[in-house]
Amino acid sequence: MSLAGKLITFVGKRSASRFEKASRDVDRVQSELLLSMVRRNANTEYGLRYGFASINSIADYQRQVPIITYEDIKEDMSRVVSGASNVFTAEDPVMFAQTSGTTGDPKFIPVTPTDRGQAHKDQMRTWLYHAQKDHPGILDHKVVSLVSPAVEGHTPSGLPFGSTSGHIYKHMPALVQRAYSIPYEVFEIEDYQAKYYTIMRVALEHEVRFLATANPSSILKLCDKADAYSEQLIRDIRDGTLSTSLAVEPEIRASLEQRFRPNPTKARHLETARQRRGGRLLPGDYWPRLGLIGCWKGGTVGHYVDQFGKWFDPDGRKSVPVRDWGYLSSEARGSIPLSDEGSKGALTIAANFFEFVEVDELEARRDEPESWPFRTAGELEEGKEYYIFVTTTSGLYRYDINDVIKVVDYYHRNPEIVFLRKGRGMTNITGEKVSVNQIILAVQEASKVTGAIPEHFKAEADTEASRYVFRVEFASRVEDAVLREFLAKLDTTLKNVNIEYKAKRESSRLGSPVLHVMREGWYERGRRLLAESGKRVFQAKTEVLSPVKMETQVVKPELASVIELDD
C-alpha cells in the first residue's frame, strides 16, 4: 500500500471506531448532539425566536421549534448570504453549498467551521475505512474521484459558493492528493464535453483500483466518452498532448500540458485492447484490476448501475463490486454504507439530528405538520417507510428535506436506511430534483412565448430513457413548428430555473425532453376512468408531475403526435 493509502487507512480506523461507539448508543448520542446545537446557538436570532435556551429535551425541541422548508427561511437566509451574522448559527459560514430550489431561485446552504469538524470528517473516512477493509488493494494505486468545482461564484458578502466535495478535494493534504489521479483544476473546465474528455485523458494513463462519484450516470458518461473518442485519446497519450479541439481554459490547459509526457507504451497497450474489441475501448480492458466502484445504487438511479457490466465486465468473468455512496444531499450526508449489500447505510447520528414521520401518517395530513407523530432514530421500525427531517450544524432546524427513506436493517442500534424517492411534488431522475412549481412555470413560459394554450398537462420522469415526457392537451390545433418551439422553451426555462437540471442536460446525463401531444378529451377520459375504478373524482388532485412514466399501452390510444428536440 502507498504511503497515502496507509495514512487514509490509519485516520479512517479511528473514525470508524468513533462511529461504532456512537451506533451502540443512538438515543444518548442524538439527544446530546441536539442539546449541544441549541445551546451553542441559543443567542442567535433564530434561537431567541424559538426559545432555544429553555430547551432541555427532544420533546421541548419538537414542541417549540417548527418544521420548516427552505422557502420558510429564505428571507433570513438571504440576509446570511448578504453577510448578516448570528441569524441561524453563532458561527459565521465559511462558504455556501448551492443547490436547486423548488422555485426559480437556487438554495444556499451555509457551511460552518463545525461542518468541517471531526464528526463530519468521520463520515467519509468511516465509509472509506470499511470499503478498504472489505476490498484490500483499492488504495494501492490510483483513485479516480469526480467532484464539482469548489467555487462557482461569490455571494454579495464575498464568500464563495460551490461544491463542498470539491472544496474537500481541492484542500486535501498533499500526501493524500497523491492517491488521486485527476488534478483538481480539471473539474474547473466549464465545457462538459472537454471536462469528461480531459478526465479520461488523465485517468487512462494510470492503473486505477478505485472509482468514486455520487452519480452513476457520470461513470457511464466517462466510459462512453473514452470509447467515442478512443482514437483521439490514444493519440494524445502517445504524443503527450491534449487535443487543441477541446474548449479548455488556457491557464488550465497550460498547467495540464506541463504534466503530460509522451507515453507510446501505454498508447500501444490501449490500441491493442481496442483492436481486440473491434474498435471499442472499454474500462474492463484499461482498468482490469479495478477493485471497487463507489456511487449511488438505489432510488431513481439504480438502473444506471445495471449498465456497468457491459463496460467493466464485458466478458462476464468477474463483476466489479459496487458500494453505495450514501444518502447524501447539499443539506447533509445522511447515511454511511458499510457493505456492498444494496444501497443501505447507517444514519450519521454523530453529525446530524434526525426525526421521522411514517409516509401514510404524513400524507394523510399533508398540510398539518403540528399533527404529525414524529419519531427519533431510536424509535424507527424495520421495514417501514418514513419522511425524514434533519437538524444540522449549518443552521437548519427541523428541516423538511422532502425525501422518503426506508429502514431495512440495523448497525448495532443504528438504523440502516435506503433512499426511496423524493416526496411531495418532486421528481429526481439523476440528481436534478425538478419540482411541480418549476414544471408549471416552464409550461406558462412556453405558452406565453408560442401562443399555444395547454388545457391540461402533465410531466413524467422517464427514468429508463433519462428524460422528461411532457403530455399536453392543447386548446386548439398547433402546428408542428410551434410545438417544437413550445418544447424548446420548456427545456430552456427548466435550465434557467433549476441549476441542477441545466448541469445534467449540458453533460448529457439527462436527455432532451419529449412532447406528447394528447388527443382532445384525454384529461376528462382519464377522470372518468378514475370514477369507474371506484375513486372519488372530486377528491382526486390533478397530478402535474409524476415520478413514473405511464405504460405505453395506456398512452398510445390517447397520443396524437410526438415532438422531439434536435440536440
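Fair warning: this is a prediction, and the values are worked out from it, not measured in the lab.

Colleague: Help me get a handle on the sheet that holds strand β4 (residues 153-154), residues and values and all.
Modeller: Strands sit in the order β2-β1-β5-β4 across an open sheet of four strands; the sheet is mixed. Single-partner strands in this sheet number two, and they are β2 (107-111) and β4. For strand β1 (residues 95-99) and β2, the ladder comprises five bridges, and the chain directions are antiparallel. Bridging from a neighbouring strand, threonine 99 pairs with lysine 107 of β2. In the packing of helix α5 (residues 70-81) onto the sheet, the strands contacted are β1 and β2, and the crossing angle to β2 comes to about 60°.

Colleague: So what's going on with the pairing of strand β6 (residues 208-212)? Which residues, and what values?
Modeller: The element β6 is extensively covered by neighbouring structure, given that five of its five residues are classed as buried. Of the strand pairs in this sheet, strand β3 (residues 142-145) and β6 are connected by four bridges, and their pairing is parallel. Bridge pairing links valine 144 to leucine 211 in β6. In the sheet, β6 pairs with strand β7 (residues 292-295) via three bridges, with the strands oriented parallel. The residue bridging leucine 211 from the neighbouring strand is isoleucine 293, located in β7.

Colleague: Break down the packing of helix α18 (residues 436-450) against helix α19 (residues 480-497) for me, with residues and values.
Modeller: Each pair of packed helices can be described by the angle between their axes along with the distance between the axes. Where α18 contacts α19, the axes come no closer than 8 Å and their chain directions differ by 135°. The angle between α18 and α19 falls in the class oblique. Relative to α19, the crossing made by α18 is right-handed. From α18, Gln438, Ile439, Leu441, Ala442, Val443, Glu445, Ala446, Ser447, Val449 and Thr450 reach across to α19, where they touch Val482, Glu485, Phe486, Lys489, Leu490, Thr493, Leu494 and Val497. Here the contact of α18 with α19 is composed, by residue class, of 11 nonpolar, four polar and three charged.

Colleague: An account of the sheet that holds β6 is needed here, citing residue identities and associated values.
Modeller: Think of a sheet as strands paired side by side through backbone hydrogen bonds, with each pair either parallel or antiparallel. Taken together, four strands build an open sheet; the order of strands is β3-β6-β7-β8 and the sheet is parallel. Here the strands that pair on one side only, and so sit at the sheet edges, are β3 and β8 (322-324). The average angle at which neighbouring strand axes cross in this sheet is 20°, direction not considered.

Colleague: Give me the packing of aromatic side chains: which residues, what numbers.
Modeller: Throughout the structure, instances matching the rule amount to 25 aromatic pairs. What links up through ring pairs into an aromatic cluster is the set Tyr46, Tyr50, Phe52, Phe88 and Tyr397. For arginine 398, the ring lying beneath its charged end belongs to phenylalanine 374, and the centroid distance is 4.6 Å. Seen from the ring of tyrosine 387, arginine 424 lies directly overhead, with NZ or CZ sitting 4.7 Å from the centre.

Colleague: Explain the nonpolar core residue by residue, including any values.
Modeller: Within the largest apolar cluster, 101 residues are counted, with the highest numbers of intra-cluster contacts made by Trp287, Ile293 and Phe312. For this core, the element with the highest residue contribution is helix α9 (residues 192-203), accounting for eight residues. Filtering out sequence-adjacent residues up to four positions away, tryptophan 287 remains in contact with Val144, Met200, Ala203, His206, Val208, Leu211 and Phe312. Ranked by size, the runner-up nonpolar core spans 48 residues in total, among them Leu35, Val38, Phe52 and Val390.

Colleague: Give me the confidence of the model for the chain: which residues, what numbers.
Modeller: Averaged over all residues, the pLDDT of the chain is 91; the fraction at 70 or higher stands at 95%. Note on residues 534-541: pLDDT is under 50 here. Beyond four places in sequence and across chains, it has six contacts.

Colleague: Tell me about α19, residues and numbers included.
Modeller: Since the α-helix packs 3.6 residues into each turn, any two residues three or four apart lie on the same face. Relative to the 26 Å expected for 18 residues at 1.5 Å per residue, α19 spans 26 Å between its end C-alpha atoms, a close match to the ideal helical length. Along α19, the residues classified as buried are Leu483, Phe486, Leu487, Leu490, Asp491, Thr493, Leu494 and Val497. Projection of α19 onto a plane perpendicular to its axis shows the buried side chains occupying an angular sector of 165°, all on one side. Relative to its buried face, α19 has exposed residues pointing more than 90 degrees away, namely Ala481 and Asn496. On its buried side, α19 packs onto α18, β18 (454-462), β19 (467-474), α20 (499-506), β20 (514-518) and β22 (559-564).

Colleague: So, empty space enclosed by the protein: which residues are in play, and what are the values?
Modeller: If a probe as big as a water molecule is rolled over the atoms, it shows which places are left empty. Taken as a whole, this structure holds three cavities of 30 Å³ or more when the rule is applied. Here the largest cavity defines a volume of roughly 70 Å³. In the lining of the largest cavity, the residues fall into six nonpolar, five polar and two charged. When its volume is computed, the second largest cavity comes out at roughly 50 Å³. The wall of the second largest cavity is formed by Tyr327, Ser329, Ala332, Arg333, Gly334, Phe354, Ile388, Val390 and Ile401. Across the lining of the second largest cavity, the residue classes tally to six nonpolar, two polar and one charged.

Colleague: Describe in detail the pairing of β19, supporting the description with residues and values.
Modeller: When a strand is regular, its side chains alternate between the sheet's two faces. Most of β19 is tucked away, with seven of its eight residues classed as buried. What sits between the antiparallel neighbours β18 and β19 is a turn of four residues, in which serine 466 has the positive phi angle 55°. In this sheet, β20 lies alongside β19 in parallel orientation, the contact comprising four bridges. Counterpart to valine 469 in the pairing with β20 is valine 514.

Colleague: I'd like to hear about the side chain of serine 243, residue by residue, with values.
Modeller: Mapped onto the elements, serine 243 comes out in the loop between α11 (230-239) and α12 (250-259). Polar side-chain contacts of serine 243 include one of 3.0 Å to the side chain of glutamine 232. For serine 243, the residues in contact, after removing those within four places along its chain, are Tyr197, Gln232, Asp236 and Arg253.

Colleague: Give a detailed account of α11, specifying residues and quantitative values.
Modeller: When we look at burial in α11, the residues that qualify are Ser230, Gln232, Leu233, Ile234, Asp236 and Ile237. Buried residues along α11 sit against α9, α10 (216-228) and α13 (264-276). Within two residues after α11, glycine 240 carries a phi angle of roughly 70°, on the positive side.

Colleague: So what's going on with unusual backbone geometry? Which residues, and what values?
Modeller: Positive phi values are uncommon outside glycine, yet asparagine 402 reaches one of about 60°. Residue placement: asparagine 402 occurs in strand β14 (residues 399-411). Taking relative accessible area as the criterion, asparagine 402 reaches 9% and is therefore assigned buried.

Colleague: Can you lay out the pattern of salt bridges for me, pointing to particular residues and giving the numbers?
Modeller: In total, this model carries 43 salt bridges according to the counting rule given. When the shortest N-O distance is used, the salt bridge between arginine 209 and glutamate 207 registers 2.7 Å. Of the residues examined, arginine 209 reaches a relative accessible area of 7% and is grouped as buried. For glutamate 207, a relative accessible area of 31% translates into the label partly exposed. One network of salt bridges, in which partners are shared, links Glu358, Glu361, Arg375, Glu381 and Lys384.

Conventions and cut-offs
Going along each chain's sequence as written, the residues are numbered from 1 onward. Restriction of local features to residues with pLDDT of at least 70 applies here, the model being predicted, together with a cutoff of 80 or more for giving and counting side-chain atom pairs; totals for whole chains, interfaces and linings are based on all residues. Note that water and hydrogens are dropped before the side-chain values are worked out from all heavy atoms of the structure. Strands are labelled as partners when DSSP assigns at least two bridges between them. A run of H or I in DSSP counts as a helix once it spans at least four residues, and a run of E counts as a strand once it spans at least two, with each numbered from the N terminus. Throughout, a contact is declared for two residues whenever any of their heavy atoms are within 4.5 Å. Structural elements are reduced to axes, namely lines fitted to C-alpha atoms, with helices fitted over the stretch in contact, and the angle between N-to-C directions of any two is expressed from 0 to 180 degrees. Residue exposure (1.4 Å probe, protein chains only): buried if accessible area is under 20% of the type maximum, exposed if over 50%, otherwise partly exposed. The labels follow the angle: roughly parallel below 35 degrees, roughly antiparallel above 145, roughly perpendicular from 65 to 115, and oblique for the rest. By definition, any crossing whose near helix is turned counterclockwise from its far helix by less than a right angle is left-handed, and any crossing with a clockwise turn is right-handed. Lys, Arg, Asp and Glu make up the charged group, whereas Ala, Val, Leu, Ile, Met, Phe, Trp, Tyr, Cys and Pro make up the nonpolar group; the residues left over, Gly among them, are polar. What counts as a ring pair is set by centres within 6.5 Å for rings of Phe, Tyr and Trp (its six-membered ring), and what kind of pair is set by the plane angle: stacked under 30 degrees, edge-to-face over 60, tilted for all other angles. Two limits define a charge over a ring: the Lys NZ or Arg CZ must be within 6 Å of the ring centre, and within 35 degrees of the ring normal. To qualify as a nonpolar core, a set must consist of buried Ala, Val, Leu, Ile, Met, Phe, Trp, Tyr and Cys residues joined through side-chain atoms within 4.5 Å. For every residue, the predictor reports its confidence as pLDDT, a number between 0 and 100. One fewer than the residue count of a helix, multiplied by 1.5 Å, yields its expected span. As used here, the arc belongs to the directions running from the helix axis to the C-beta atoms. We place a 1 Å grid over just the protein atoms. Points where a 1.4 Å probe fits but has no way out form a cavity, open points with protein on both sides within 12 Å along at least 5 of 7 lines form a pocket, and any residue with an atom within 4 Å of a point lines it. Grid points are joined across faces, edges and corners, and a volume is the space filled by probe spheres set on the points. Polar contacts, as counted here, are pairs of nitrogen or oxygen atoms within 3.5 Å of one another; within protein the pair requires one atom able to donate a hydrogen and one able to accept it, and residues that are adjacent in sequence qualify only if both atoms are side-chain atoms. Any carboxyl oxygen of Asp or Glu within 4 Å of a side-chain nitrogen of Lys or Arg constitutes a salt bridge here.

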